[in-house]
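Secondary and tertiary structure notes
Chain by chain, the residues run as shown.
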Amino acid sequence: MVSRRYAVVVGGVLASIWLWLAFDRESIPARRIWYGPSNSKAGLISPSIDAFDFPPVDSEEMRAVCSSTKWNQSLVFTCDNNHGGIGHVRNSILNCVRYAIGAGGALVLPNIALRDEDDLGHDHGHAEKRHGPGRNGMEYMFDVNHFTDSLRVSCPDLLLIRHMEQTDSSRRRGLLPEHLFTNIPTSGLEHPEEWPIKLEAWIEEYMPSYPEKEPIIIDLEQSFLHYPAHSDGHKFAHTFGNILKFRPDVRRLATTTLNKLSEWYDIPLNVSEPIMKPSFMGAHLQTDNPFLEERHNSGVAYAHFPSQTAAYIEQAISAKIPLIYVASGNLPEIHKFGLQATASKMAITHKEDLLKDKDMDALERLRWDQRALVDYLVLLKAQDFAGVGHSSFSWQVVMTRHEGGDKGKGVLESDVWSDGLSTLYGVRSSYIESSECMWS
Ligand SMILES: *[C@@H]1O[C@H](CO)[C@@H](O)[C@H](O)[C@H]1NC(C)=O
Ligand SMILES: *[C@@H]1O[C@H](CO)[C@@H](O)[C@H](O)[C@H]1NC(C)=O
């Protein structure tokens, strides 16, 4: 009985081991530059342009970390508890990969938990209502080929497993790695290098040592803002997050949004620049939406519409940028913001305003969290950015912009943080410490 179960598990593992050779990796399009409407009208509608594409990660720093790992064939990690918006999901997946590498285990391709969109009036089947929204593969948000290609190049010993059933095994348990550490400061684990030792002790204590040949499967729970991203050096920290690239349709929609913005407002844009200047100000309007990531923070300054929009308009005025691109899942609030901005002689635009026809259809087919990815990309390249300190989405945008922008350290004055490229409102000094655990 036991040996048959073992055979089923191992058989499943082997059958699903990623077949690298079967991969289609011939078509990484070269970067293309779009020069704006005055130079090349034809480039505007071409769907083949992708301003947010980049090649698989080829990192010496990652290879160094991976080659110093003691790999263990009988250790398998799953990473299926990735809940929330892009800020949370992106970080928890990256943490899973980092923990799997640290322990030298194999990693089953992560899954993403869907969020219940009922509050936003979307259509749902009865099944979804009864069983909750369920899970999707990584492709729900990310480019899976890019992820596997990057890890194959930069961490060749990490075995990726395509899929694993919810097997029932005495050698399978859930774990939040941070639970093995006591006393975690806001800036993250003090000694992340102790993870493999702590894990081994935990396995010894909680996992039966038999059947010895059955793999030890550890279901990683969602880890957020505890792993210090810079503990393997700054170069590692700045590269690692690039193993996640957004899915191609989202990248294309974001590129089209920029193209349309350029055309409509007659601003020539070079989308190859990390930060496009002059262009527009990006603003993350996160008010009382049903997914507000940290409800308990609704009491903080800037959590609500009037304070956010007033601050954003003021920022655009002092930066002398007459156009604001608003990122929000809440259309009525965008329109309300628009009325307010018009009074200040400021133009407001957003993706639903810019995308038409087939592109609009494509946008509407996406779920709420996927549509937010389009905004996320557009915001990355804005000349200036305004967001809120209590949002991981805002922080994630800020940190990625910071990378591309080559700016100095951020400065916190009362509760407004700025690095010269982006400004966050309602920031506590503890948020800045936590941001050291966010992969840029
Ligand atoms: C792999 O890890 C398990 C659990 O910690 C341990 O019992 C086993 O000895 C390890 N195998 C190798 C080859 O290190
Ligand atoms: C567009 O930006 C890229 C990257 O910064 C730069 O190499 C290129 O020369 C720019 N093109 C134009 C036409 O300015």
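These notes cover the structure that comes with them.

Rules used in this analysis
Residues numbered from 1 in each chain as written. Chains lettered and ligands numbered in written order. Predicted model: local features only at pLDDT ≥ 70, side-chain atom pairs only at ≥ 80, totals over all residues. Heavy atoms only, no water. Salt bridge = Lys/Arg side-chain N within 4 Å of Asp/Glu carboxyl O. Helix = DSSP H or I, 4+ residues; strand = E, 2+ residues; numbered from the N terminus. Buried < 20%, exposed > 50% of the residue type's maximum accessible area, 1.4 Å probe, protein only. Near = heavy atom within 4 Å. Polar contact = N/O pair within 3.5 Å; in protein donor to acceptor, adjacent residues only side chain to side chain. Nonpolar A, V, L, I, M, F, W, Y, C, P; charged D, E, K, R; others polar. Pairing = 2+ DSSP bridges. Axes fitted to C-alpha atoms, helices over the stretch in contact; angles between N-to-C directions. Contact = heavy atoms within 4.5 Å. Parallel < 35°, antiparallel > 145°, perpendicular 65-115°, else oblique. Left-handed = near helix turned anticlockwise from the far one by under 90°.

Description of the pattern of salt bridges
Evaluation of the coordinates by the stated rule reveals 18 salt bridges. A salt bridge links Asp149 to Arg152; the shortest N-O distance between them is 3.4 Å. With Asp149 and Arg152 both in helix H5 (residues 144-154), this residue pair falls three residues apart, about one helical turn. On the basis of relative accessible area, Asp149 is assigned to the buried category, the value being 6%. Judged by its relative accessible area of 25%, Arg152 is partly exposed.

Remarks on the site of ligand 1
Around ligand 1, a shell composed of Lys70, Asn72, Ser74, Glu200, Ile203 and Ile216 is seen. Contacts to ligand 1 include Asn72, whose side-chain N or O atom sits 2.2 Å from an oxygen atom. Taken together, the residues that form the shell around ligand 1 break down as two nonpolar, two polar and two charged.

What about the sheet that holds strand E7 (residues 216-220)?
The parallel open sheet is built from five strands, whose spatial order is E5-E2-E1-E7-E6. Whereas interior strands pair on both sides, the edge strands pair on one side only; in this sheet they are strand E5 (160-161) and strand E6 (172-175). Where strand E2 (residues 106-108) and E5 come together, two bridges link them in parallel fashion. Bridged to Val108 within E5 is Ile161.

Side note on the sheet that holds strand E8 (residues 281-284)
Ordered in space as E10-E9-E8-E11-E14-E13-E12, the seven strands form an open sheet in which the pairing is mixed. Each edge of the sheet is formed by a strand with only one pairing partner; in this case those strands are strand E10 (347-349) and strand E12 (411-413). Between one strand axis and the next, the sheet turns by 20° as a mean value, whatever way the strands run. Looking at chain direction, E8 and strand E9 (residues 323-327) are connected through four bridges and run parallel. The partner of His284 across the bridge, within E9, is Ala327.

Describing the pairing of strand E11 (residues 384-388)
The side chains of a regular strand alternate, first on one face of the sheet and then on the other. Of all five residues in E11, five are buried; the element is thus mostly enclosed. Relative to E11, E8 is paired through three bridges, and the arrangement is parallel. Directly across from Met281, in E11, lies its bridge partner Asp384. Sheet analysis places E11 next to strand E14 (residues 422-425), joined by four bridges and oriented parallel. What sits directly across from Gly387, in E14, is Leu424.

A closer look at the side chain of Ser328
Along the chain, the position of Ser328 falls in the loop between E9 and helix H10 (331-343). You can call Ser328 buried: its relative accessible area is 8%. If we ignore the near neighbours within four places in the chain, the residues touching Ser328 are Leu285, Ile334, Lys351 and Asp375.

Side note on the packing of helix H8 (residues 248-265) against helix H12 (residues 357-365)
With their axes 11 Å apart at the nearest point, H8 and H12 run at an angle of 135° to one another. With respect to their mutual orientation, H8 and H12 come out oblique. For the crossing formed where H8 meets H12, the hand is left-handed. Packed against H8, whose contacting residues are Arg252, Leu253 and Thr256, the element H12 presents Asp359, Ala362 and Leu363 at the interface. Among the residues forming the contact of H8 with H12, the class breakdown is three nonpolar, one polar and two charged.

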